[in-house]
Amino acid sequence: ELGITTPKGYDVSFHYNPEMERHHFGQTHPMKPWRLTLTKGLVTAYGMHYTMKNYTARAATYDELTSFHTSDYVDFLATVAPQPTPLDLDGTNSDLKFNLGGSDCPLFEGLYNYCSLSGGASLDAARKLCTKQSDIAIAWGGGLHHAKRSEASGFCYVNDIVIAILQLLRVHKRVLYIDIDVHHGDGVEEAFFSTDRVMTVSFHKYDPMNFFPGTGALEDNGPKSEHNPGAHHAINVPLNDGITDEQYKWLFENVISRCVEKFKPEAIVLQCGADSLAGDRLGKFNLLVQGHGSCVEYCKGLGLPMIIVGGGGYTPKNVARAWAYETAIATNNQSNVAATAEIPLHTPYRKNFEYDSVLLPSIEQILGDARQNRNTQKRLQEIIQHVTEQLRFVSA
Ligand code: VJV
Ligand code: CA
Ligand code: ZN
């Protein structure tokens, strides 16, 4: 066998509903729920399901969705028929209600079901942490960080992360949200702008004129107006194309260790958007599965209860590799899995993995040639400096 083991007295739960896979945003839309099929297939092929408690996620209820979203918006999501999407390739169609029906957030068959399943999985994960039945709860179908209270945005309709954090706050005094998707976690940041019980930290590509959503500058740390307790509790790490594993790991550990030291969270929510991997269809970083996974490893090492959610990721085979490897990290099986360089022969859709079907392909295997790294060590030092200054205003 593959030598997969179950750590004793340490509980990981996996929250998933295969119904999510069956939803389609449209033929060539980058968001492919099918990547969840590949992920689940790889997790199972390695035998990782034996090391976790597996739950079929239920759909979030109307009341759960409106714990964050307005009822006007949720009502609309529940009732809109999938009309033929108006062609809106430049996003200029201004007739769209709640930003729905454009090319980023199309209306499709079963949209409400898809949203409530994603929300239900993350919420189930939060409940397992609240009752201490799980140390780490994984929900790869969640992580939809752009959705706003009353608006869809960037492939996200329901903000499962905000809903899960609201649940965690019933039991945990302070929650640290960490976002390694290549895009800025604007929806989560905004939702908790006015509280000092949630700190949000997003690492992302920042190029306001050319890269979505254009927010998340280093200096944006939450509104400083009228004694806002949430001021200084939004941390942003803006990056350029081509960042490497070595730089990202160094920056991540520096920033997160400082945040944990000052903020003293009682729980962590880690959004693992896989569009920060090399070879992504939308992202242009140089991260390998190992570098991306090192963030999960570091957070796990903090020994706090943690929810892990998915997010972006637009080259499905790479998404599945990363999320399967990170599932192994959560259950302490990363070395067992890495030792099996070949993806198991009985993996469903194995031919989809290419690159000689290895779990941890090199940058040469993925890209031929790495992308030019546009991040200088000097700039990374400036980022640490700024974050450290912000954290002077933060205490537990
Ligand atoms: O950049 C944008 C907005 C536009 C308007 C819509 N056009 C298509 C693109 C420019 C300004 N949107 C981004 C949204 C990214 C969302 C990322 C979500 C996450 O990973 O953070 C979390 C799940 C964007 N970038 C690329 C596209 N949209 C894109 C959308 C398409 C597409 C190709 C690219 C929609 C439909 C089709 N192709 C067929
Ligand atoms: Ca991010
Ligand atoms: Zn993204």
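First, a word on scope: everything that follows refers to the structure included in this document. Here the structure is a predicted model, which means the values were calculated and not measured.

Things to note about the coordination of the calcium ion (ligand 2)
Here comes step 1: Taken together, Asp 179 (O), Asp 179 (OD), Asp 181 (O), His 183 (O), Ser 202 (OG) and Phe 203 (O) make up the protein donors of the calcium ion (ligand 2), found 2.5 to 3.0 Å from the metal.
Here comes step 2: Each of the six donor atoms around the calcium ion (ligand 2) contributes to a set of angles spanning 69 to 167 degrees, which defines the coordination as irregular.
Here comes step 3: Written as a sequence motif, the donor residues of the calcium ion (ligand 2) are D-x1-D-x1-H-x18-S-F. One end of the pair, His 183, is in the loop between strand E4 (175-179) and helix H6 (186-191); the other, Ser 202, is in strand E5 (residues 198-205), and 19 residues separate them in sequence. Both residues of the pair, His 183 and Ser 202, count as buried.

Regarding the coordination of the zinc ion (ligand 3)
Here comes step 1: Protein coordination at the zinc ion (ligand 3): the donors are Asp 181 (OD), His 183 (ND1) and Asp 275 (OD), at 1.9 to 2.0 Å from the metal.
Here comes step 2: If you list the donors of the zinc ion (ligand 3) from N- to C-terminus, the spacing comes out as D-x1-H-x91-D. Here Asp 181 is found in the loop between E4 and H6, whereas its partner Asp 275 is found in the loop between strand E7 (267-271) and helix H8 (289-301), with 94 residues between them in sequence. Each member of the pair, Asp 181 together with Asp 275, is buried.

Some points on the nonpolar core
Here comes step 1: Among the nonpolar cores identified, the biggest contains 118 residues, and Tyr 157, Ile 165, Phe 203 and Leu 239 are the most heavily contacted of them.
Here comes step 2: Not counting residues within four places of it along the chain, the set of residues in contact with Phe 203 comprises Ile 178, Asp 179, Ile 180, Asp 181, His 183, Val 237, Leu 239, Tyr 248, Leu 251, Phe 252, Val 255 and Ile 256.
Here comes step 3: Ranked by size, the runner-up nonpolar core spans five residues in total, among them Ala 278, Leu 288, Tyr 355 and Ile 366.

Focus: helix H12 (residues 377-391)
Here comes step 1: For H12, with 15 residues, the first-to-last C-alpha span of 21 Å sits near the 21 Å given by 1.5 Å per residue.
Here comes step 2: Taken together, the buried positions of H12 are Leu 380, Ile 383, Ile 384, His 386, Val 387, Gln 390 and Leu 391. Buried residues in H12, looked at end-on, bunch into an arc of 165 degrees, giving them a common side.
Here comes step 3: In this structure, the buried side of H12 is in contact with E5, strand E6 (234-239) and helix H7 (245-263).

Observations regarding the side chain of His 386
Here comes step 1: Locating His 386 in the fold gives a position in helix H12.
Here comes step 2: A distance of 3.1 Å separates the side chain of His 386 from the side chain of Asn 221, its partner in a polar contact.
Here comes step 3: Once you skip the residues sitting within four places of it in the chain, His 386 turns out to touch Leu 218, Glu 219 and Asn 221.

Let's talk about the pairing of E7
Here comes step 1: Counting buried residues in E7 gives five out of five residues, a clear majority hidden from the surface.
Here comes step 2: For E4 and E7, the ladder comprises five bridges, and the chain directions are parallel. Counterpart to Tyr 177 in the pairing with E7 is Val 269.
Here comes step 3: A crossover links E7 with its parallel partner strand E8 (residues 306-309), the connecting element being H8, and its sense is right-handed.

Comments concerning the environment of Ala 45
Here comes step 1: Tracing the sequence through the fold places Ala 45 in helix H1 (residues 35-45).
Here comes step 2: Along the chain, Ala 45 and Ala 324 lie 279 residues apart, while their C-alpha atoms are 9.9 Å from each other.

A word on unusual backbone geometry
Here comes step 1: Note the cis peptide between Phe 212 and Pro 213, where omega equals -10 degrees.
Here comes step 2: Along the chain, Pro 213 turns up in the loop between E5 and E6.
Here comes step 3: Phi is positive for Lys 264, which is not a glycine, with a value near 50 degrees.
Here comes step 4: Topologically, Lys 264 is positioned in the loop between H7 and E7.

Considerations on the side chain of His 233
Here comes step 1: Residue position: His 233 is located in the loop between E5 and E6.
Here comes step 2: Within the structure, the side chain of His 233 is placed 2.9 Å from the backbone oxygen of Ala 231, a separation counted as a polar contact.
Here comes step 3: In contact with His 233, not counting residues within four places along its chain, are Thr 195, Asp 196, Val 198, Met 199, Thr 200, Asn 221, Phe 263 and Val 394.

So, the packing of helix H4 (residues 111-130) against helix H5 (residues 160-168)
Each pair of packed helices gets described by two things: the angle between the helix axes and the distance between those axes.
Here comes step 1: Put simply, H4 and H5 touch, their axes get as near as 8 Å, and they point 20 degrees apart. The orientation of H4 relative to H5 falls into the category roughly parallel. Every pair of crossing elements has a handedness; the one defined by H4 and H5 is right-handed. On H5, the residues touching Ser 118, Gly 119, Ser 122, Leu 123, Ala 126, Arg 127, Leu 129 and Cys 130 of H4 are Asp 160, Ile 163, Ala 164, Gln 167 and Leu 168.
Here comes step 2: Broken down by class, the residue content of the contact of H4 with H5 amounts to seven nonpolar, four polar and two charged.

A look at the packing of aromatic side chains
Here comes step 1: One pass over the full model with this rule turns up 15 aromatic pairs.
Here comes step 2: Ring centres of Trp 34 and Tyr 349 lie 5.9 Å apart, and the angle between their planes is 75 degrees; on these two criteria the pair is classed as edge-to-face. Here Tyr 349 lies in the loop between helix H10 (334-339) and helix H11 (363-367) and Trp 34 lies in the loop between strand E1 (12-16) and H1, a separation of 315 residues in the sequence.
Here comes step 3: Residue Trp 34 is classed as partly exposed on the basis of its relative accessible area of 30%.
Here comes step 4: Here Tyr 349 falls in the partly exposed class, since its relative accessible area comes to 41%.
Here comes step 5: Pairing Phe 252 with Tyr 298 gives two aromatic rings, centres 6.3 Å apart and planes at 90 degrees, and the pair type is edge-to-face.

Parameters at a glance
Residues numbered from 1 in each chain as written. Chains lettered and ligands numbered in written order. Predicted model: local features only at pLDDT ≥ 70, side-chain atom pairs only at ≥ 80, totals over all residues. Heavy atoms only, no water. Donors = N, O, S within 2.8 Å, 3.2 Å for Na, K, Ca; no water. Tetrahedral: all angles 85-135°; square planar, octahedral: opposite > 155°, others 65-115°. Helix = DSSP H or I, 4+ residues; strand = E, 2+ residues; numbered from the N terminus. Buried < 20%, exposed > 50% of the residue type's maximum accessible area, 1.4 Å probe, protein only. Core = buried A, V, L, I, M, F, W, Y, C linked by side-chain atoms within 4.5 Å. Contact = heavy atoms within 4.5 Å. Expected span 1.5 Å × (residues − 1). Arc of directions from axis to C-beta. Polar contact = N/O pair within 3.5 Å; in protein donor to acceptor, adjacent residues only side chain to side chain. Pairing = 2+ DSSP bridges. Right-handed = clockwise from strand over helix to strand, strands pointing away. Axes fitted to C-alpha atoms, helices over the stretch in contact; angles between N-to-C directions. Parallel < 35°, antiparallel > 145°, perpendicular 65-115°, else oblique. Left-handed = near helix turned anticlockwise from the far one by under 90°. Nonpolar A, V, L, I, M, F, W, Y, C, P; charged D, E, K, R; others polar. Phe/Tyr/Trp six-rings, centres within 6.5 Å; stacked < 30°, edge-to-face > 60°.

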